[in-house]
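# Observations on the three-dimensional arrangement
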Amino acid sequence: MAIERTLSIIKPDAVKKNVIGQIYSRFENARLKIIAARMVCLSCADAEKFYLLHKDQPFFRDLVKFMASDPVMVQVLEGERAVSKNRELMGATDPKKAEKGTIRADFAVSIDCNAIHGSDSLKTAAVEIAFFFPQIDVYSQSVVASGNI
């Protein structure tokens, strides 16, 4: 199987709960390698740019405000089937519908404060990774091998 890269964001509610390490353990136990990570305080303008795809949705303003409310932890995950594996780990968007043992079932409180974001496809992952980590070539492992992260 091909090695993929995907973006993950631990949202403000989960950062406030101090569960970053617990979430990282889940990535690592699923054989997803964290190849880049940083804590970021998003401005409303940055959150708007990142979630531009949702600009016409009724939840857009609340999402932007929430994502800019406190720090988030952003990471690039690498591994076999990274996109789908990460989505399985996250669980359903609504934590009430998320399968027991998923990140959202265990750490999220509502559909609005749902603990984590993950890319939904390889194409989206490439765009999202470039937004936060423009120095990483999503399709090349030479960055990891050369130590440029």
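Residues numbered from 1 in each chain as written. Predicted model: local features only at pLDDT ≥ 70, side-chain atom pairs only at ≥ 80, totals over all residues. Heavy atoms only, no water.

In this model, the largest pocket occupies a volume close to 740 Å³. Lining the largest pocket are 26 residues, with Tyr51, His54, Phe59, Leu63 and His117 sitting closest to its centre. If you list the elements that add at least two residues to the lining of the largest pocket, you get helix H3 (44-50), helix H4 (60-67), helix H5 (82-90), strand S4 (116-118) and helix H7 (122-132). Ranked by residue count, the leading element in the lining of the largest pocket is H7, at 4 residues. Tallied by class, the residues present in the lining of the largest pocket amount to 11 nonpolar, 7 polar and 8 charged. (1 Å grid on protein atoms, 1.4 Å probe; cavity = no way out; pocket = protein on both sides within 12 Å on 5 of 7 lines; lining within 4 Å. Points joined across faces, edges and corners; volume = space filled by probe spheres on them. Helix = DSSP H or I, 4+ residues; strand = E, 2+ residues; numbered from the N terminus. Nonpolar A, V, L, I, M, F, W, Y, C, P; charged D, E, K, R; others polar.)

Sheet strands associate in pairs through backbone hydrogen bonding, adopting either a parallel or an antiparallel arrangement. Strand order across the open sheet formed by 4 strands is S2-S3-S1-S4, with antiparallel pairing between neighbours. Each of the sheet's edge strands pairs with one partner strand only, and the pair in question is strand S2 (33-40) and S4. Across the sheet, the axes of successive neighbouring strands diverge by a mean angle of 20°, strand direction being ignored. Taken together, the 8 bridges between strand S1 (residues 3-10) and strand S3 (residues 72-80) define a ladder with antiparallel strand orientation. When the sheet's bridge partners are listed, isoleucine 10 is paired in S3 with methionine 73. Sheet contacts for H5: S1, S3 and S4; angle to S1, the most-contacted strand, approximately 35°. (Pairing = 2+ DSSP bridges. Axes fitted to C-alpha atoms, helices over the stretch in contact; angles between N-to-C directions. Contact = heavy atoms within 4.5 Å.)

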